[in-house]
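Tertiary structure, described
Chain by chain, the residues run as shown.
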Amino acid sequence: MTAITTRAVGSSPTRIEGTAKVTGAARYSTEQDHLGDVAYLWPVPATIAKGRVEAVDSDAVAGLPGVLAVLTPDNAPRLETPDDAELAVLQDHEVSYRGQFVAAVVATSLETAREAAASLHITYAEVPHDSELTENHPKLSKPEKVNPAFPTDTEDGDVDAALAAAAVTVDATYRTPPVHNNPMEPHASLAVWLGHELTLYDSLQGAFAAQQALAKLFALPPASVHVINEHVGGGFGSKGTVRLGAVLAAMAAREVGRPVKVVLGRQHMFTVVGYRTPTIQRVRLGADADGQLTAIEHAAIEQTSTVLEFAEQTTVATRIMYAAGSRRTSHRLAALDVPTPRWMRAPGECPGMFALESAMDELAVATGVDPVEIRIRNEPDVEPESGKPFSSRNLVACLREGAERFGWAARDPRPGVRRDGRWLVGTGVAASTYPSYVGPSTASAAAEPGGGFVVRISAADIGTGARTVLTQIAADALRVRVEEVRVEIGDSSFGQAALAGGSMGTASWGWAVTRAGERLRAALDEHGGDGRLEVHVDTAEEVKARTGFAYHAFGAQYAEARVDLDTGEVRVPRLLGVFGVGRIVNPRTARSQLIGGMTMGLSMALHEEGVLDPAFGDYVNHDFAGYHVAAAADVADIDAVWVDEQDEHVNPLGVKGIGEIGIVGTAAAVANAVFHATGVRVRDLPIRLDKLLGGLPG
Amino acid sequence: MQLSVNGQSRDLELDNRTTLLDALREHLGLIGSKKGCDHGQCGACTVLLDGRRTNACLVLAVTCAGREVATIEGLAGPDGLHPVQQAFVEHDGFQCGYCTPGQIMSAVGMLEEFERGWPSAVTGEVQPAGLTAPEIRERMSGNLCRCGAYVGILAALTDVASRS
Ligand code: FES
Ligand code: FES
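Note that the structure is predicted; figures quoted are calculated from it, not measured.

This part is about unusual backbone geometry. With an omega of -10°, the peptide bond running from Asn147(A) to Pro148(A) counts as cis. As for its position among the elements, Pro148(A) is in the loop between strand 7 (145–146) and strand 8 (150–151). In this model, Leu685(A) is joined to Pro686(A) through a cis peptide bond whose omega is -10°. Take Pro686(A): it is sitting in the loop between helix 14 (666–678) and helix 15 (689–692). Unusually for a residue other than glycine, Leu90(A) sits at a positive phi of about 60°. Mapping Leu90(A) onto the fold places it in the loop between strand 3 (67–71) and strand 4 (94–95). Within the chain, Asp92(B) stands out as a residue other than glycine whose phi angle is a positive 50°. Summarising the element assignment, Asp92(B) is placed in the loop between helix 2 (83–90) and helix 3 (100–115).

Another point: the layout of surface pockets. Space left empty within the atom packing is revealed by a probe, the size of a water molecule, rolled over the atoms. The calculated volume of the second largest pocket comes to roughly 670 Å³. Taken together, 37 residues line the second largest pocket, and the ones lying closest to its centre are Val38(A), Tyr40(A), Lys261(A), Glu26(B) and His27(B). Listing elements by their share of the lining of the second largest pocket, those giving two or more residues are strand 1 (39–45), helix 3 (110–119) and strand 14 (260–263) of chain A together with helix 1 (20–27) of chain B. Among the elements that take part in the lining of the second largest pocket, helix 1 of chain B stands out by supplying four residues, more than any other.

A cluster of nonpolar side chains, namely Met1(B), Leu60(B) and Val62(B), defines an oily patch on the protein surface of about 210 Å² accessible area. Among the structural elements, Leu60(B) can be located in the loop between strand 4 (52–55) and strand 5 (68–70).

This brings us to the pairing of strand 1 of chain A. Residue and element names in this part refer to chain A. Of all seven residues that make up strand 1, six are buried, and the element is covered over most of its length. Relative to strand 14, strand 1 is paired through two bridges, and the arrangement is parallel. Across the sheet, Ala39 pairs through a bridge with Val260, a residue of strand 14. Looking at chain direction, strand 1 and strand 5 (residues 101–107) are connected through six bridges and run antiparallel. Among the inter-strand pairings, Tyr40 is bridged to a residue of strand 5, identified as Ala107.

Criteria and thresholds
Residues numbered from 1 in each chain as written. Chains lettered and ligands numbered in written order. Predicted model: local features only at pLDDT ≥ 70, side-chain atom pairs only at ≥ 80, totals over all residues. Heavy atoms only, no water. Helix = DSSP H or I, 4+ residues; strand = E, 2+ residues; numbered from the N terminus. 1 Å grid on protein atoms, 1.4 Å probe; cavity = no way out; pocket = protein on both sides within 12 Å on 5 of 7 lines; lining within 4 Å. Points joined across faces, edges and corners; volume = space filled by probe spheres on them. Patch = residues over 30% accessible without salt bridge, like charges linked within 9 Å, V, L, I, M, F, W, Y side chains within 5 Å. Areas by Shrake-Rupley, 256 points an atom, 1.4 Å probe, with all protein chains shown as cover. Salt bridge = Lys/Arg side-chain N within 4 Å of Asp/Glu carboxyl O. Buried < 20%, exposed > 50% of the residue type's maximum accessible area, 1.4 Å probe, protein only. Pairing = 2+ DSSP bridges.

Structural data, given as structure tokens:
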């Protein structure tokens with residue numbers, strides 16, 4: 001591919017929707033004001049973990065003033081069978097997990113809907129449930145593939161023999177708890193029917209995919225479904241595909257003959273929209289005395305629900321990270337009576353790299369090799385499992401740059417020996433990685449009659465800065481100033497486009513926007529501007545032709561941890577990420593995104609844990625009081641920088657996704673720093689004081 | 001009832017269960033105040049009630065008669081953005097923007113509290129010495145940001161504090 005020349009790309013304009021967002025003018029999903037009388041739906045979650053709904057006694061609430069409908073498994077309109085079984089809401093009487101929606105009330109006011117939903121009497125036939133993931137769970141089995149389509153297990157060379165012969169080995173089990181996405185905007189849907197045409201205002205990460213799914217569910221031609229997601233208040237994977245609130249809204253709006261809003265409560269966000277599966281991961285490393293790896297084994301145990309199989313790709317990063325003579329990776333899955341886990345920011349890489357990068361630190365300690373050096377020593381020439389060359393890989397440059405900036409050289413490797421008053425002080429490092437995916441997309445570009453250009457693509461800006469970077473990209477392709485370009489996104493009618501997921505937005509949409517801009521520019525150059533030109537492009541063929549290389553981004557994260565000698569409280573005063581992520585389109589928004597990922601990684605390291613109550617089969621701490629996410633006071637000095645990386649193979653813009661890599665490795669860097677500070681190795685997240693107290697030096 | 005919002009008196013007929021937040025969002029079309037939790041745990045709904053920062057989801061609208069509500073919609077003046085708004089844009093103090101109106105209203109209230117010399121949990125002396133980073137972080141910790149924009153928010157507020 002030939003690199004394109006850029007002017008706007010690489011500059012740092014502020015966000016295009018910035019003023020709208022800081023003045024409160026930006027309308028998110030359901031915040032529409034032109035629809036007249038809107039009704040409100042409030043869902044009713046199951047209070048048992050497994051069994052059947054025997055009866056819903058709607059009579060008492062159906063007569064309440066303002067109640068328009070009570071939807072139950074008995075009377076809810078029938079839907080076509082969805083690809084995603086979670087969308088078959090109220091289609092049968094089964095209860096597969098506690099909190100699953102079993103009824104809903106639609107009313108003229110939110111207050112009435114909530115009160116009626118709370119007083120709805122439901123009888124259940126309950127059967128015993130099994131909600132707790134354990135290492136030897138009898139239901140563990142081998143899924144056919146792991147998300148989205150990776151082989152479940154891989155094996156290369158004789159791991160057992162290499163481990164037996166290794167001079168140094170590490171054999172450790174790491175645990176990560178359930179973690180909940182919790183975008184600040186809850187999933188929100190507003191459905192409006194006009195005859196047989198459905199318009200849905202929603203908070204989803206992809207309008208086009210939602211349009212296709214809803215058309216199928218409601219047996220409509222896709223053209224009869226219009227999905228709009230102009231502003232999205234975060235998603236982190238939980239809004240990746242259409243979720244059940246949208247289905248309820250569409251169903252109810254048709255029933256009651258007026259627009260219906262469904263805005264999930266924060267408590268619902270812990271059950272019905274997905275979360276990160278808990279994992280139990282065993283890592284075994286074999287190495288020679290110099291820390292050169294001879295064997296890597298990474299075996300993950302995780303859960304899914306009985307509604308649908310979601311098998312997280314927890315060990316896939318281990319397949320590409322380090323050179324080793326032999327390697328084995330595997331995934332085992334138990335389908336339990338729990339809510340369905342799904343995508344959460346860097347599914348797979350995030351929990352998997354906590355284990356691998358903690359184990360690498362343990363190997364560094366065991367061999368006495370510096371943790372930065374041991375990673376450099378095991379740098380592969382090609383992607384280990386596939387043998388493909390990397391389109392670009394700058395892990396070593398990131399490690400070195402980070403070491404320099406962080407002041408790593410002076411580090412004393414001994415754990416538990418540095419004190420600053422009542423604080424034990426330590427530093428740690430971990431690597432980051434994330435695949436550089438790209439998906440086919442369509443886009444259009446047109447010269448506007450009054451001058452200027454409009455580019456349309458069904459992209460979503462979930463906080464990434466997509467609208468802004470696409471405008472920069474379009475301006476360069478059109479060879480005009482950014483002020484002359486208006487990019488419209490968030491609308492399924494703009495055609496097929498990749499999701500705002502898998503860190504592939506900028507790469508995929510940017511590719512289509514580049515082609516659209518180039519084609520319009522060529523047409524204008526040829527025909528002259530008659531003010532009516534419009535071009536449409538589809539990158540499907542080009543994207544399919546991208547082969548021959550292994551496409552990944554890499555990075556290194558450095559953390560300083562301070563642990564209170566008496567209480568075990570952990571603070572992280574410094575966190576530095578250095579990334580090799582291709583061309584940076586907008587340094588301002590890119591830095592925010594990387595820091596945002598690292599902040600969520602810090603939160604995972606120290607705070608976040610969905611606590612399952614096995615007796616009820618539910619996460620008990622399902623609000624922000626019981627489930628702490630990092631607040632301003634938890635976050636000190638976090639910075640993200642990048643090394644210069646030109647990658648002419650990854651896509652025409654040379655960009656790699658940056659939405660997820662920031663959260664990969666953070667937790668390991670913090671855990672490694674905590675070990676260096678205290679001598680206590682915490683292998684199960686989050687790193688809480690109770691896990692440290694017993695082991696702190698006196 | 002009458003509700004005074006951003007200096008304008010508005011006539012409303014409300015359910016006595018309606019929160020101030022729902023009155024603003026669902027009845028007055030003032031969607032700038034956001035609902036992140038409806039439980040007083042996230043700060044997305046922060047407004048100024050008689051000048052004090054308040055979680056609008058925890059206040060029943062009927063208790064607000066005769067009181068002055070200030071929301072994000074009323075913050076920018078005729079000459080453009082409020083300095084806090086401007087600083088949020090320049091320092092990229094947000095990503096998805098959903099927590100942002102609450103962060104900004106909270107910051108405006110926080111700066112005022114600091115002006116009055118109110119101490120915070122991290123203030124060593126009775127009077128805070130200055131609006132340091134730890135002071136700002138502590139005072140802004142009632143406003144969660146899942147996008148993790150705290151670094152930008154701190155830079156924005158440090159900038160505003162240094163200019164005033
Ligand atoms: S919505 Fe009021 S504090 Fe969260
Ligand atoms: S900017 Fe998204 S939650 Fe704060």
